[in-house]
Amino acid sequence: MSKLKGIYTDIVKIRRMVFAEIARLALKDAECEEFDKIPYRIIDTEEATYRSSIFKERAIVAARVRMGLSMDYASNQEHKLLSEGIREFLAEEGQLKEPLVNVIRFACEKCPTNAHFVTNNCRKCLAHPCSIVCPVDAITIEENAAVIDQEKCINCGKCKAACPYEAIVNYERPCAAACGVNAIESDEHMRAKINHDKCVSCGQCIIACPFGAIADKSMIYQLLRSIKAGNDVRAIIAPSFVGQFGPLVSAEKIVAALKKLGLNEVREVSLGADFASLHEAELFAHDIPDKQPYLGTSCCPSWTYVADKHVPEVKENISESSSPMIFAAESVKADNQESEVVFIGPCVSKKLEALSPKVKDKVDYVITFEELAAIFVAAGIELTKVETEAEIEDASYYGRGYANAGGVAAAISQNLKEQYEIEPEISRADGLASCKKTLLLAKAGKLAGYLIEGMACEGGCVGGPGTLLATNRGAKYVSKFADQSPYKFAFENKNLAKDKN
Amino acid sequence: MIKVDICVGSHCSLVGALNLLDNVEALQLEYPDQIVVNKVECLDMCDDIKNAPLVKVDDELITAAQTQLVISKVMERIK
């Protein structure tokens, strides 16, 4: 997990301020020209604080505003006012399109790529184990210190481990280190460049970049304009939502605040998780091992994209079952055919899942908890002081547990045990690199008969890039909220029977 | 006893109060007999978001509170 996850930095602050500004302008149906003022409202100092110049700082904020409105990244080679671009974009389609995750190129500080360096901790010691353990003879002991020949070095790390003075460091690009599928390359200026054929849009690089040079697109504007237009917009909220808006803001308060914002209904996505866990248990009971060798879960889109893009041979064994998001959206649309559905979650890649042909008629908008928190501020909704309504009881204990690593496999295996008397072997992939490794093992035939849980974010959905809380804190809230459910297993959930009719 | 009130309203939570709370609570564990941490509702002082997050260390109000400043204010009072 990136070291920056859960730490509040000025990068986080600027990102959230941009979201809040976009929301503020969307809510008052502002003219496009108003957007030109956002960089000046956010960077309101006389001189630069963060970068070489204040003009660059503002230009980066402008690039963030573009993506905050779902627009494509634009190069800085053409003179164009922010507002002109926005006017054209909104006059045309005005919707999010791929690619979702983008490098703001001129914000990238061109960190050196993966390399080992000798620091001045080196004592030029007599033993110099660094050079002895080097398998490619890349280290020579020069006049003042050991020197690594970068042409020869294969970055195996043996010298770093052997040095008694911790004098050797492995310098990695934080964005590339956070990417479990090696999708981050360099462009001709040595700036980070995302290879979109490899990228699975998990969003971890957005959190990891210490210069804030990577951003995803947002649908805040489109959602708020629809609510303001008086459409029947209904929310489904992902299981990791509890606690995300502060320790005094209960699940019920979050629901009440969403209604205050103008959403007509809020359902827990955990209800969809109950559907999904029952469905996947049924699939497992019927198809494993006769029709297929193992079953991979379906809820994490980035995990399924790893299969699509990196290990396509295993794709057919990842559940065809719809994700909890889709089940929850279907249940809303079944009751309200004219409604629009917004998925609110911790997840970046759900924004892409919602664009897929199978899902685009079911889920209309996807926003993150972080984006929603900014919307609440822009709308002047004080979460600690909203009046709460009745308790929410949409989902079971195990459905609510979907947000924590291990929770999906636990829910499905409990259903298998209780309903089919099957106790499957479980393999869990926690984090993107682990997802790829696990799928390669599956491809090699090492996981026959297994139920395989895939979570692209470490710790599960509570580790998602769109969360506000540190991962471990989020996980505790999820577990506590799961304990409050009136139903233990998915098959005990009375709301499912109601929905199926 | 050093009293630290941390506002966890909408504005303050958006701009760092949750992370600040993590850090102050970690400090509280080191000095359990000297620090008490309270999570408080919106103090109604954040009309200008630049005031958030709001923290009170005893009776001293800190606006735009950053972790390092709050921690240092608390440490000044530690015996």
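Everything numeric here is computed off the predicted structure, so don't read it as measured data.

**Considerations on the overall build of chain B**
Here's step 1: Across its full length, chain B carries 3 helices and 4 strands.
Here's step 2: Counting from the amino terminus, helix and strand elements in chain B follow one another as β-α-α-β-β-β-α.
Here's step 3: Residues classed as buried in chain B amount to 38% of the 79 residues present.
Here's step 4: In chain B, 63% of the contacts between residues at least 6 apart in sequence involve partners at least 24 apart.

**A few points about the domain arrangement of chain A**
Here's step 1: Taken domain by domain, chain A comprises domain 1 (10-105 + 180-218), domain 2 (115-171) and domain 3 (222-500).
Here's step 2: If you average the C-alpha positions of domain 2 of chain A and of domain 3 of chain A, the two centres end up 46 Å apart.

**Let's talk about the packing of helix α1 (residues 10-27) of chain A against helix α3 (residues 54-68) of chain A**
All names here are of chain A.
Here's step 1: Their axes nearest at 10 Å, the elements α1 and α3 cross at an angle of 55°. The angle between the axes of α1 and α3 places the two elements in the oblique class. The two elements α1 and α3 cross, and the hand of that crossing is right-handed. On the side of α1, the interface is formed by Ile-14, Arg-15, Val-18, Phe-19 and Ile-22, while α3 contributes Val-61, Arg-64, Val-65 and Gly-68.

**Remarks on the interface of chain B and chain A**
Here's step 1: Taken together, the 15 residues of chain B in the interface contact 22 residues of chain A.
Here's step 2: Elements supplying a minimum of two residues to the side of chain B that touches chain A: α1 (10-14) and α2 (17-30) of chain B.
Here's step 3: Sorting elements by how many residues they give to the side of chain B that touches chain A places α1 of chain B first, with 4 residues.

**Topic: the nonpolar core**
One recurring pattern in soluble globular proteins: nonpolar side chains tend to sit buried together.
All names here are of chain A.
Here's step 1: Membership of the largest hydrophobic core comes to 176 residues, with the highest contact counts inside it found for Ile-22, Ala-23, Cys-205, Ile-220, Ile-236, Phe-343 and Ile-344.
Here's step 2: Per-domain counts for this core show at least three residues from each of domain 1 (10-105 + 180-218) and domain 3 (222-500).
Here's step 3: The contact partners of Ile-344, leaving out residues within four places of it in the chain, are Ala-235, Ile-237, Ala-238, Phe-241, Ile-367, Phe-369 and Leu-372.
Here's step 4: Among the nonpolar cores identified, the runner-up in size contains 12 residues, and Ile-139, Ala-146, Ile-148 and Ala-167 belong to it.

**Re the sheet that holds strand β12 (residues 340-345) of chain A**
All names here are of chain A.
Here's step 1: Within the open sheet, the 4 strands sit side by side as β10-β9-β12-β13. Their pairing is parallel. The open sheet terminates on both sides in strands that have one partner only, identified here as β10 (266-268) and β13 (365-368). The sheet shows a mean angle of 25° between the axes of neighbouring strands, direction not considered.
Here's step 2: Two strands pair when backbone bridges link them, and strand β9 (residues 233-237) and β10 are joined in this way by 3 bridges, in the parallel orientation. Within β10, the position partnered with Ala-235 by the bridge is Val-266.
Here's step 3: Helix α11 (residues 269-287) contacts β9 and β10 of the sheet and is inclined by roughly 40° relative to β10.

Cut-offs and rules
- Residues numbered from 1 in each chain as written.
- Chains lettered and ligands numbered in written order.
- Predicted model: local features only at pLDDT ≥ 70, side-chain atom pairs only at ≥ 80, totals over all residues.
- Helix = DSSP H or I, 4+ residues; strand = E, 2+ residues; numbered from the N terminus.
- Buried ≥ 20, exposed ≤ 12 C-beta atoms within 10 Å, placed from the backbone.
- Contact = placed C-beta atoms within 7 Å.
- Domains from an automatic or database assignment.
- Axes fitted to C-alpha atoms, helices over the stretch in contact; angles between N-to-C directions.
- Parallel < 35°, antiparallel > 145°, perpendicular 65-115°, else oblique.
- Left-handed = near helix turned anticlockwise from the far one by under 90°.
- Core = buried A, V, L, I, M, F, W, Y, C linked by C-beta atoms within 7 Å.
- Pairing = 2+ DSSP bridges.

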